[in-house]
Amino acid sequence: MTDLLSSVWKAQVRTEQFSPADWEILMGQARRARLLPRLARHFEDQDGGLASLPSPQQHYLRGALRLVQRQRHDVLAEVAHMRRALHGLTTPVVLLKGAAYLFAELPPARARIFSDLDIMVERGQIAVVEGALLAGGWISEERDAYNQRYYREWMHEVPPLRHVQRGSVIDLHHTIAPPTSRFKVDAKRLLERVRPVGSSGLFVLGPEDMVLHSALHLYQESEFDHGLRDLLDLRDLLLHFGREPAFWSALLARARELGLEEPLFHLLHQVQRLFGLPLPSEATAALDAYLSRGLATSLVAALLEQAVRPNHPSCDSPTARLARWLLYVRSHWLRMPLHLLLPHLIRKAYMARFPARTGIQQAG
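For every chain, the first residue of its written sequence is number 1, and the numbers climb from 1 along that sequence. The predicted origin of the model limits local features to residues at a pLDDT of at least 70 and limits the giving and counting of side-chain atom pairs to 80 or more, whereas totals for whole chains, interfaces and linings rest on all residues. The side-chain quantities take in all heavy atoms of the structure and omit both hydrogens and water.

Novice: Just checking my understanding: could you explain the confidence of the model for the protein chain for this structure?
Specialist: For any part of a model where pLDDT is low, the fine detail of the predicted coordinates should not be relied upon. The pLDDT value expresses, per residue, how confident the predictor is, ranging between 0 and 100. When the pLDDT values of the protein chain are averaged, the result is 88; 92% of them are 70 or greater. In this text, helices come from DSSP runs of H or I with a minimum length of four residues, and strands from runs of E with a minimum of two, each type numbered from the N-terminal end. Confidence scores differ between elements of the protein chain, with helix 17 (residues 355–358) showing the lowest mean pLDDT of 53 and helix 11 (residues 247–258) the highest of 97. Ignoring residues within four places in sequence, the model shows residues 358–362, a span with pLDDT below 50, making 12 contacts including any to other chains. Should any heavy atoms of two residues lie within 4.5 Å, those residues are counted as being in contact.

Encoded structure:
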């Protein structure tokens with residue numbers, strides 16, 4: 001298995017020595033991982049820029065950068081529409097993930113592909129905010145009563161809201177992890193530390209919480225089709241915020257406070273392994289201590305090492321597929337207790353086996 005993509009960021013390969021087959025593998029891995037624009041920006045920042053690459057790769061990567069610019073414009077316009085729909089509401093509206101990186105002008109936004117607009121509000125204001133978005137043209141396409149209950153009782157968000165004309169999707173959250181999750185997080189603690197974004201009237205999570213959310217999302221959701229993208233987001237955030245002398249101490253303390261040391265340390269290990277992230281001595285000692293806890297910790301680390309490879313034939317193997325499947329099953333167990341999880345999985349299996357009888361889509 002050849003993971004050329006992460007090796008580029010770790011400077012373990014020299015692309016000037018690439019054969020046409022190597023370039024085909026690298027570009028295919030980047031496309032599958034949703035990292036073509038990030039790869040283009042990486043080469044653009046090197047000596048010689050994109051002009052130093054073979055002509056076919058130049059053309060392909062320049063096109064990826066143009067796509068990001070168009071998407072950036074679309075996201076900014078969509079946030080403007082959302083702000084108008086929510087005008088007059090007193091509850092803070094917190095941008096999450098890609099939109100937060102974009103509005104806060106953080107490094108991950110430089111060439112990041114994202115589609116949905118993720119926001120978080122106080123749980124008690126969900127109905128008010130959802131009503132305002134409904135009046136603005138966003139509706140829930142989820143018609144199944146069970147799926148509605150799944151989201152509203154057990155998840156940290158309502159069913160996705162799609163605009164009837166523009167097709168844009170808003171994911172409306174009330175916290176960053178399901179209330180039934182092992183890693184449930186009291187949103188009040190997050191909202192106490194949110195920061196305003198200029199004069200937009202919008203907010204983003206505090207630096208430590210933004211990093212923890214990035215780690216938790218990948219660890220708990222197991223969306224490994226773009227796992228490398230999320231790990232690069234995490235690396236960029238850590239390098240950016242880590243320039244502040246007190247950041248790492250604050251991050252470790254915040255992880256303990258919110259009960260998020262497990263996702264933080266596991267994903268921190270993967271970022272360091274793949275991209276050579278430099279860590280201060282305090283973080284290195286804490287990471288080493290966590291990874292030496294025992295067999296279960298070592299097993300999860302080994303599964304993650306396989307799962308975060310690019311989901312591309314060049315990196316495919318029975319071991320990688322098994323690791324992704326095991327982590328997918330585990331992600332459900334992390335999010336729901338067994339007395340809820342087992343009936344849910346049985347229903348999902350039935351819906352997958354007999355979609356024509358149900359006429360509905362699966363949740364979760």
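Novice: In this structure, what is going on with the sheet that holds strand 1 (residues 94–95)? I would like to understand it.
Specialist: Sheets are built from strands paired through backbone hydrogen bonds, the pairs being either parallel or antiparallel. Strand pairing follows a simple DSSP-based rule, namely that at least 2 bridges must link the two strands. Read from one edge to the other, the open sheet built from 7 strands follows the order 3-4-5-2-1-7-6, with strand pairing classed as mixed. Looking along the sheet, the strands with just one partner apiece sit at the ends: strand 3 (138–140) and strand 6 (195–196). Bridge count for strand 1 against strand 7 (residues 203–204) is 2 bridges, and the pairing is parallel. Within the sheet, the bridge partner assigned to Leu-95 lies in strand 7 and is Val-204. The sheet contacts of helix 6 (residues 126–135) involve strand 3, strand 4 (161–163) and strand 5 (169–173), and relative to strand 5 the element is tilted by about 170 degrees. Lines fitted to C-alpha atoms define the axes, with helix axes restricted to the stretch in contact, and inter-axis angles between N-to-C directions lie between 0 and 180 degrees.

Novice: Mind showing me how you'd approach helix 9 (residues 207–221) here?
Specialist: Given 3.6 residues per helical turn, the α-helix brings residues three or four places apart onto the same face. Taking 1.5 Å of rise per residue, 15 residues should cover 21 Å, and helix 9 covers 21 Å from first to last C-alpha, within 8% of that figure. Ser-222 occupies a position one or two residues after helix 9 and carries a positive phi of about 55 degrees. Helix span is expected to be 1.5 Å times the residue number reduced by one.

Novice: Would you mind showing me how to read unusual backbone geometry here?
Specialist: For residues besides glycine, phi is generally negative; the peptide bonds are generally trans as well. In this structure, Arg-34 takes a positive phi of about 60 degrees despite not being glycine. Positionally, Arg-34 belongs in the loop between helix 2 (20–32) and helix 3 (36–44). The residue Glu-105 is not glycine, and still its phi comes out positive at about 55 degrees. Among the secondary structure elements, Glu-105 is positioned in the loop between helix 5 (97–103) and strand 2 (117–120). Each residue is assigned to one of three classes by its accessible area relative to the maximum for its type, calculated with a 1.4 Å probe on protein chains only: buried under 20%, partly exposed between the two thresholds, exposed over 50%. On the basis of relative accessible area, Glu-105 is assigned to the exposed category, the value being 68%.

Novice: Honestly, the packing of helix 9 against helix 11 in this entry has me stumped. Any pointers?
Specialist: Working note: a packed helix pair is described by the angle between its axes plus the distance between those axes. Relative orientation of the contacting elements helix 9 and helix 11 amounts to 60 degrees, with a least axis distance of 9 Å. As summarised for this structure, helix 9 and helix 11 are arranged oblique, according to the angle between their axes. Helix 9 and helix 11 meet at a crossing whose hand is right-handed. Judged by residue contacts, Pro-207, Glu-208, Asp-209, Val-211 and Leu-212 of helix 9 engage Phe-247, Ala-250, Leu-251, Arg-254, Ala-255 and Leu-258 from helix 11. As a working rule, the residues Ala, Val, Leu, Ile, Met, Phe, Trp, Tyr, Cys and Pro are called nonpolar, Asp, Glu, Lys and Arg charged, and the rest polar, with Gly in that last group. Looking at the contact of helix 9 with helix 11, its residues break down into 8 nonpolar, no polar and 3 charged. An angle below 35 degrees is treated as roughly parallel, one above 145 as roughly antiparallel, one from 65 to 115 as roughly perpendicular, and anything else as oblique. For any helix crossing, the convention is left-handed if the near helix is rotated counterclockwise from the far helix by under a right angle, and right-handed if that rotation is clockwise.

Novice: For this particular structure, what's the right way to read the pairing of strand 2?
Specialist: Every other side chain in a regular strand lies on the same face of the sheet, so the side chains alternate between the two faces. The alternating pattern of strand 2 places Leu-117 and Ile-119 on one face and Asp-118 and Met-120 on the opposite face, and all of these are buried. In the sheet, strand 1 pairs with strand 2 via 2 bridges, with the strands oriented antiparallel. The residue of strand 2 that forms the bridge with Leu-95 is Ile-119. Note: strand 2 against strand 5, 4 bridges, orientation parallel. Note on strand 5: the bridge partner recorded for Asp-118 is Asp-171.

Novice: What's the story with the nonpolar core in this structure? I'm lost.
Specialist: Across soluble globular proteins, you tend to see nonpolar side chains buried next to one another. Only buried residues count toward a nonpolar core, which is a set of Ala, Val, Leu, Ile, Met, Phe, Trp, Tyr and Cys residues joined through side-chain atoms within 4.5 Å. If you look at the biggest cluster of nonpolar residues, it comprises 104 residues, and the most contacted ones within it are Leu-39 and Met-82. Every residue in contact with Leu-39, bar those within four places of it in the chain, is listed here: Leu-5, Val-8, Trp-9, Leu-26, Met-27, Ala-30 and Leu-61.

Novice: Where do I start with the packing of aromatic side chains in this structure?
Specialist: How two aromatic rings sit relative to each other is set out by the distance from centre to centre and by the angle between their planes. Under the pairing criterion, centres of Phe, Tyr and Trp rings, with the six-membered ring standing for Trp, must be within 6.5 Å; the plane angle then separates stacked pairs below 30 degrees from edge-to-face pairs above 60, leaving the rest tilted. Per the counting criterion, the structure on display carries 6 aromatic pairs. For the ring pair Trp-23 and Phe-43, a centre distance of 5.9 Å and an interplane angle of 55 degrees mean the geometry is tilted. One end of the pair, Trp-23, is in helix 2; the other, Phe-43, is in helix 3, and 20 residues separate them in sequence. In this pair, the class of Trp-23 matches that of Phe-43, namely buried. On the numbers, 5.8 Å between centres and 75 degrees between planes, the contact of Phe-247 with Trp-248 is edge-to-face. Each member of the pair, Phe-247 together with Trp-248, is buried. Taken together through their ring pairs, the aromatic side chains of Phe-18, Trp-23 and Phe-43 make up a single cluster.

Novice: Is there a simple way to explain the pattern of salt bridges in this structure?
Specialist: Salt bridges, as used here, are contacts in which a Lys or Arg side-chain nitrogen is within 4 Å of a carboxyl oxygen on Asp or Glu. Following the criterion strictly, the structure yields 18 salt bridges and no others. Arg-182 serves as the salt-bridge partner of Glu-262, at 3.0 Å between the closest nitrogen and oxygen. Of this pair, Glu-262 sits in helix 12 (residues 261–275) while Arg-182 is found in the loop between strand 5 and helix 8 (187–191), placing the two residues 80 residues apart along the sequence. For Arg-182, a relative accessible area of 41% translates into the label partly exposed. Three or more residues are tied together by salt bridges with common partners; here these are Arg-38, Arg-112, Arg-229, Asp-230, Asp-233, Arg-235 and Asp-236.

Novice: Whenever I open this one, the layout of surface pockets confuses me. Can you help?
Specialist: Empty space among the atoms can be located by rolling a probe the size of a water molecule over them. Of the pockets and cavities examined, the second largest pocket occupies roughly 390 Å³. Put plainly, a pocket is an open set of points on a 1 Å grid over the protein atoms alone with protein on both sides within 12 Å along at least five of seven lines, a cavity is a set where a 1.4 Å probe fits but cannot get out, and a lining residue has an atom within 4 Å of a point. Every residue lining the second largest pocket is counted, 15 residues in all, and those nearest its centre are Val-13, Thr-15, Glu-16, Phe-43 and Gln-46. Along the lines of polarity and charge, the residues of the lining of the second largest pocket split into 7 nonpolar, 5 polar and 3 charged. Grid points are joined across faces, edges and corners, and a volume is the space filled by probe spheres set on the points.

Novice: Before we go on, may I ask you to explain helix 11 in this structure?
Specialist: Between the first and last C-alpha of helix 11 there are 16 Å, a value that for 12 residues agrees with the 16 Å anticipated at 1.5 Å per step. Phe-247, Trp-248, Leu-251, Leu-252, Arg-254, Ala-255 and Leu-258 are the residues of helix 11 that are buried. Axial view of helix 11: buried residues confined to an arc of 160 degrees, hence all on one face. Considering only its buried residues, helix 11 is in contact with helix 8, helix 9, helix 10 (227–241), helix 12 and helix 13 (281–291). At the C-terminal side of helix 11, Gly-259 shows a positive phi close to 70 degrees. Here, the arc refers to the directions that run from the helix axis to the C-beta atoms.

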